[in-house]
Amino acid sequence: MFAIVSCSLNPKSRSRVLGEYLKTCFHELEVPVDWIDLQDMELPWCDGGPCYGHPNVGAVAKRLQAAHGIVLASPVYNYDVNAAAKNLVELTGKDVWTDKCVGFVCAAGGKVSYMATMGLANSLMLDFHSLILPRFVFAMSTAFNEQRQLVDQDIQERLKKLAHRMVHITRAMRSSE
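Residues numbered from 1 in each chain as written. Predicted model: local features only at pLDDT ≥ 70, side-chain atom pairs only at ≥ 80, totals over all residues. Heavy atoms only, no water.

Engineer: Help me understand the packing of helix α1 (residues 14–28) against helix α6 (residues 153–175), please; the structure alone is not making it clear to me.
Structural biologist: When two helices pack together, their arrangement is captured by the angle between the axes and the distance separating the axes. Running from amino to carboxyl end, α1 crosses α6 at an angle of 55 degrees, the nearest separation of the two axes being 9 Å. Here α1 is positioned oblique relative to α6, judged by the angle of their axes. Relative to α6, the crossing made by α1 is right-handed. Two secondary-structure elements touch here, α1 through Leu18, Tyr21, Leu22, Cys25 and Phe26 and α6 through Ile155, Gln156, Leu159, Lys160, Leu162, Ala163, Met166 and Val167. Partitioning the contact of α1 with α6 into residue classes produces 11 nonpolar, one polar and one charged. (Axes fitted to C-alpha atoms, helices over the stretch in contact; angles between N-to-C directions. Helix = DSSP H or I, 4+ residues; strand = E, 2+ residues; numbered from the N terminus. Parallel < 35°, antiparallel > 145°, perpendicular 65-115°, else oblique. Left-handed = near helix turned anticlockwise from the far one by under 90°. Contact = heavy atoms within 4.5 Å. Nonpolar A, V, L, I, M, F, W, Y, C, P; charged D, E, K, R; others polar.)

Engineer: I tried to follow the pattern of salt bridges on my own but got confused; where do I start?
Structural biologist: Where charged atoms from two side chains of opposite charge approach closely, those side chains can pair. Under the defined criterion, the tally for this structure stands at three salt bridges. A salt bridge links Asp80 to Lys86, with the nearest nitrogen and oxygen atoms 3.2 Å apart. Taking the relative accessible area as the measure of exposure, Asp80 reaches 24% and is therefore partly exposed. (Salt bridge = Lys/Arg side-chain N within 4 Å of Asp/Glu carboxyl O. Buried < 20%, exposed > 50% of the residue type's maximum accessible area, 1.4 Å probe, protein only.)

Engineer: Please explain α1 as it appears in this structure.
Structural biologist: Every α-helix carries 3.6 residues per turn, so stepping three or four residues along brings you back to the same face. Look at α1: 21 Å from first C-alpha to last across 15 residues, which is about the 21 Å you get at 1.5 Å a residue. If you check which residues of α1 are buried, you get Ser15, Arg16, Val17, Leu18, Gly19, Leu22, Cys25 and Phe26. Among the structural elements, β1 (2–6), β2 (33–37), β3 (69–77), β5 (101–108), β7 (137–140) and α6 are those in contact with the buried residues of α1. Following α1 by one or two positions, Glu30 adopts a phi angle in the positive range, close to 60 degrees. (Expected span 1.5 Å × (residues − 1).)

Engineer: Can you help me understand the nonpolar core in this one?
Structural biologist: Inside soluble globular proteins, nonpolar side chains tend to come together where they are buried. Leu64 and Trp97 are the most contacted members of the largest nonpolar core, which totals 34 residues. When residues in this core are grouped by element, the largest group, five residues, is from helix α3 (residues 83–92). In contact with Leu64, not counting residues within four places along its chain, are Ala3, Val5, Ile36, Ile70, Leu88, Thr92, Val96, Trp97 and Lys100. In this structure, Phe26, Val33, Ile155 and Val167 belong to the second largest nonpolar core, which totals 27 residues. (Core = buried A, V, L, I, M, F, W, Y, C linked by side-chain atoms within 4.5 Å.)

Engineer: Would you take a moment to explain the pairing of β1 for this structure?
Structural biologist: In regular strands, side chains alternate between the two faces of the sheet. With five of five residues buried, β1 lies mostly within the body of the structure. A two-sided burial pattern is seen for β1, the buried positions comprising Phe2, Ile4 and Ser6 on one face and Ala3 and Val5 on the other. Taking the sense of rotation as the criterion, the β-α-β connection linking β1, α1 and β2 turns out right-handed. Pairing of β1 with β3, which is carried by five bridges, proceeds in the parallel orientation. In the sheet register, Phe2 faces β3, and the bridge partner there is Gly69. (Right-handed = clockwise from strand over helix to strand, strands pointing away. Pairing = 2+ DSSP bridges.)

Engineer: Explanation requested: the side chain of Thr117 in the structure shown.
Structural biologist: Within the secondary structure, Thr117 sits in the loop between β5 and α5 (118–128). The exposure class of Thr117 is buried, given its relative accessible area of 3%.

Engineer: Whenever I open this one, the pairing of β5 confuses me. Can you help?
Structural biologist: Counting buried positions over the eight residues of β5 gives eight, a clear majority of the element. Taking every second residue as pointing to the same face, both faces of β5 are buried, with Cys101, Gly103, Val105 and Ala107 on one and Val102, Phe104, Cys106 and Ala108 on the other. Pairing geometry for β3 and β5, over seven bridges, is parallel. By the bridge assignment, Gly69 is partnered in β5 with Cys101. Note: β5 against strand β6 (residues 131–132), two bridges, orientation parallel. Of the residues in β6, the one forming a bridge with Cys101 is Leu131. Two strands pair when backbone bridges link them, and β5 and β7 are joined in this way by four bridges, in the parallel orientation.

Encoded structure:
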């Protein structure tokens, strides 16, 4: 089972569209997906104190822990993934992210933010030994039409490849345990 986390809190999010398209890619591979939309759950902001007592934190941590791989679908703000994505990692911590395969799909207004995931990816690798899928999908606003539908066929193909690679890698990880 895989989890896709839509990290945007914007109801018109393009990163959510990317995540939804990725969900169909996993379904085509006949693997189950847990769709987690941060817009639909109220999470506290991490302040360094214990957060597992919060019912929503415990619930989302349990769902993420059950996943073989996690994909964060995040918008890029100020050359970084959004604060909600980083907050989720901080709230759920090592019990969720350790030795987990993690992928990224991001939407941004322009092409200069294509490395926006690197700070969070490095943190996940160093702090939790997450295996970062080296096939990020980054889409600019030009990949979407006026109705916010994903129309760029190259991005669609890259999302399909991300799904295939994540399934392959997580199966290999589980068979080596």
